[in-house]
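Observations on the three-dimensional arrangement
Okay, here's what each chain looks like letter by letter:
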Amino acid sequence: MSTDFDLIVRNARAATAADLFSCDIGITAGRITALGERLQAGPGTREIDAAGRFVTPGGVDSHCHIDQPMLPPIRMADDFESGTRSAACGGTTTVIPFAAQQRGQGVQAAVDDYHRRADGKASVDYAFHLIVSDPTPEVLNTELPALIDRGYTSFKLYMTYEDMKLDDRQILELLEVARRHGAMVMIHAENTDAITYLTERLLAVGKSEPRYHGLSRPSPVEREATHRAITLAELVDVPILLVHVSGAEAVEQIRWARGKGLNVQAETCPQYLFLTQDDLALPNFLGARCVCSPPPRDKANQQVIWDGLVDGLFSVFSSDHAPFNYDDDSGKRLGGRPPAFPYIPNGVPGLETRMALLFSEGVLTGRMPIQQFVALTATNAARLYGLYPRKGTIAIGSDADLVIWNSGTPYTIRNEALHHATDYTPYEGRELQAWPAMTLLRGEVVWDGERFLGRVGGGEFLRCERPEAARPRPREQSWRRWMELED
Ligand code: DUC
Ligand code: ZN
Ligand code: ZN
């Protein structure tokens, strides 16, 4: 066997989505080239002793917003330098943020702009999803097919937000493009007209504090849009992925769809496990820190989300990192004073805390096996978005993106110890039993448990394959077939 390893990680308890095994991990030129017992070091081989610790694939955070252009004066607190630095320190080695089309702009122009923001700044690897907010014939027929060919093989569409939302006809047309060209569609499912109606009623009687954000977007708002998204995808006969699912009513719709044999994937996020509507009700505008959409719900809904993670309803656990400073007039305190809830920028930071929250509260509490943690935080996202097996697993030929865990050691989340540029974390003071002791990106240490050691610009752009998961399954009965439409 070769001894030309650049690095050997010794005595790993390596976890993949399928297995847990003890081994040494041999790394050459940034890739895993051997898994075995007592691998032989060559003259130039460096060694890291994992000393029986859990070693998992580097995280793939497939839903995060980094330096995404906002309507002025709103500004995201993290650019690619700070966002990817915090990802590395939290065990995430691949991020997939969004190149967001502005209305009146082409999607290619959005991608060009986003590369200018990311290239040379990212310190972990990155791919882009697209956000389609203006599906003109040019976008649908020319730009999207060309971009899919060039490695941008997933896009998100919104059923709410004035500047982003698509109507049902537009959604159908976009789903058709995805089907024809093999892209994965992510859907933000909330009923926009219902939100506007409820918001106006609340404001009319002076209810404007952050907690009313939650009341303006109650569960039926998400349930109805989830059902509609599923139905539109059923008519086109194309897989979809519902993002940031927040509670029981949406979960029920997804279970119903699966029961009918429909190919509906689902994602959830830490805010739906660890925050509730009580956090939105904190006094003195502190609730604004937890304003995100869909909103955190109650303890009973948290339990349903945990159940869905454990029983396989959810395939992805991502952060939906959307960083807006709290004490900032281009952030949550828009315009210098606390705004009414509809004007508070939506989102919570979470790139750095995502992996440890689930490792500590999912794996170490015995709720889920470590293999499932790996599937939820890395493998499934890599598969769903065309990055597997380069990313998301520990296998020969895969990039040597690894996290060595400190587990069973108390760690208290403090914003001052995090590496993002956002001025708060919604998890301040939370006690965990795990934190990455080391993160490796393509065989290089980017976090050593105390310091960020990555390189600004050291992250590579990743072109995504057409995901296998985006391909419609052959189905005996589909509406498409019933309507005698061509495939
Ligand atoms: N909701 C989104 O849809 N995106 C960013 C943050 C949020 O709260
Ligand atoms: Zn969303
Ligand atoms: Zn989002």
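Preceding this paragraph is the structure being described.
Quick caveat: nothing in here was measured; it's all calculated off a predicted structure.

This part is about the pairing of strand E5 (residues 54-57). Taken together, the 2 bridges between strand E1 (residues 7-15) and E5 define a ladder with parallel strand orientation. Residue Ala14 lies in a different strand from E5, and its bridge partner there is Val55. Examined bridge by bridge, E5 and strand E16 (residues 402-412) share 3 bridges and lie antiparallel to one another. What sits directly across from Thr56, in E16, is Val403.

Another point: the coordination of the zinc ion (ligand 2). Protein ligation of the zinc ion (ligand 2) involves Lys156 (NZ), His188 (ND1) and His244 (NE2), the donor distances falling in the range 2.1 to 2.2 Å. Its 4 donor atoms give the zinc ion (ligand 2) angles of 82 to 131 degrees at the centre, a pattern that matches the irregular case. One chain supplies every donor for the zinc ion (ligand 2), spaced along it as K-x31-H-x55-H. Here the zinc ion (ligand 2) and the zinc ion (ligand 3) are spaced 3.7 Å apart. Of this pair, Lys156 sits in strand E11 (residues 154-158) while His188 is found in strand E12 (residues 184-188), placing the two residues 32 residues apart along the sequence. Under the relative-accessibility criterion, His188 is labelled buried at 1%.

Further remarks concern the nonpolar core. Leu144, Phe155, Ile240, Leu242 and Phe373 are the most contacted members of the largest nonpolar core, which totals 104 residues. Excluding its chain neighbours within four sequence positions, the residues that come into contact with Phe373 are Thr56, Met355, Leu358, Phe359, Val363, Met368 and Trp405. Grouped together as the second largest cluster of nonpolar side chains are 22 residues, Met164, Ala381, Leu387 and Cys464 included.

Counted according to the given criterion, the structure contains 2 cavities of 30 Å³ or more. By volume, the largest cavity is sized at about 120 Å³. Lining of the largest cavity is provided by 14 residues; of these, Ala233, Asp237, Val238, Leu262 and Asn263 occupy positions nearest its centre. It is helix H7 (residues 219-236) that contributes the most residues to the lining of the largest cavity, 3 residues altogether. Looking at the lining of the largest cavity, its residues break down into 8 nonpolar, 2 polar and 4 charged. Lining the second largest cavity we find Ile187, Ala189, Glu222, Thr226, Leu242, Val243, His244 and Val245. Among the residues making up the lining of the second largest cavity, the classes are represented as 5 nonpolar, 2 polar and 1 charged.

The rules behind the values
Residues numbered from 1 in each chain as written. Chains lettered and ligands numbered in written order. Predicted model: local features only at pLDDT ≥ 70, side-chain atom pairs only at ≥ 80, totals over all residues. Heavy atoms only, no water. Pairing = 2+ DSSP bridges. Helix = DSSP H or I, 4+ residues; strand = E, 2+ residues; numbered from the N terminus. Donors = N, O, S within 2.8 Å, 3.2 Å for Na, K, Ca; no water. Tetrahedral: all angles 85-135°; square planar, octahedral: opposite > 155°, others 65-115°. Buried < 20%, exposed > 50% of the residue type's maximum accessible area, 1.4 Å probe, protein only. Core = buried A, V, L, I, M, F, W, Y, C linked by side-chain atoms within 4.5 Å. Contact = heavy atoms within 4.5 Å. 1 Å grid on protein atoms, 1.4 Å probe; cavity = no way out; pocket = protein on both sides within 12 Å on 5 of 7 lines; lining within 4 Å. Points joined across faces, edges and corners; volume = space filled by probe spheres on them. Nonpolar A, V, L, I, M, F, W, Y, C, P; charged D, E, K, R; others polar.

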